[in-house]
Amino acid sequence: MIASANFTTSPSIEPADDSIPVLRGTVFPHPRGGLRIRVWCPNCSTHHTHGWDAEDAKAGKSHRTPHCERNRYTGGYYVAESEVVE
Ligand SMILES: [Zn+2]
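Cut-offs and rules
Residues numbered from 1 in each chain as written. Predicted model: local features only at pLDDT ≥ 70, side-chain atom pairs only at ≥ 80, totals over all residues. Helix = DSSP H or I, 4+ residues; strand = E, 2+ residues; numbered from the N terminus. Contact = placed C-beta atoms within 7 Å. Core = buried A, V, L, I, M, F, W, Y, C linked by C-beta atoms within 7 Å. Buried ≥ 20, exposed ≤ 12 C-beta atoms within 10 Å, placed from the backbone. Pairing = 2+ DSSP bridges.

**Considering the overall build of the protein chain**
Consideration 1: The secondary structure content of the protein chain amounts to one helix and five strands.
Consideration 2: Put simply, 49% of the contacts in the protein chain that link residues at least 6 apart link residues at least 24 apart.

Rendered as structure tokens:
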């Protein structure tokens, strides 16, 4: 399930719910078009890559369904950019 991001005008990067972590990552252009965000996952100790777009950037963070094999983030997690690679 992919939750549609519909965060209002809050510029805050803080999680709305403390149980939902925010994983910060690097936004980069994908060879096949569009943008991706690569985040470090403390659950798996590995990187996960998710889609990313202008609306996500505008919102500052975006909710995702974790790519973890053993998912402890039952509420999902947010991804947010820490830097942008052109
Ligand atoms: Zn993970």
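**Considerations on the environment of Gly76**
Consideration 1: With respect to the helices and strands, the residue Gly76 is situated in the loop between β4 (62–64) and β5 (77–84).
Consideration 2: Here the alpha-carbon distance between Gly76 and Pro66, two residues ten residues apart in the chain, equals 5.7 Å.

**A closer look at the nonpolar core**
Consideration 1: The biggest cluster of nonpolar side chains holds nine residues, and these are Leu23, Val27, Ile37, Val39, Trp52, Tyr77, Tyr78, Val79 and Ala80.
Consideration 2: For this core, the secondary-structure elements that each account for two or more residues are β1 (22–29), β2 (35–41) and β5.
Consideration 3: Considering each element in turn, this core owes the most residues, four residues, to β5.
Consideration 4: Not counting chain neighbours up to four residues away, the residues in contact with Tyr77 comprise Ile20, Pro21, Leu23, Arg64 and Pro66.

**A short note on the pairing of β1**
Consideration 1: Inspection of the sheet shows β1 paired to β2 by five bridges, in the antiparallel sense. Its bridge partner lying in β2, Val27 is registered against Ile37.
Consideration 2: Between the antiparallel neighbours β1 and β2 lie five residues, among them Gly33 with a positive phi of about 110°.

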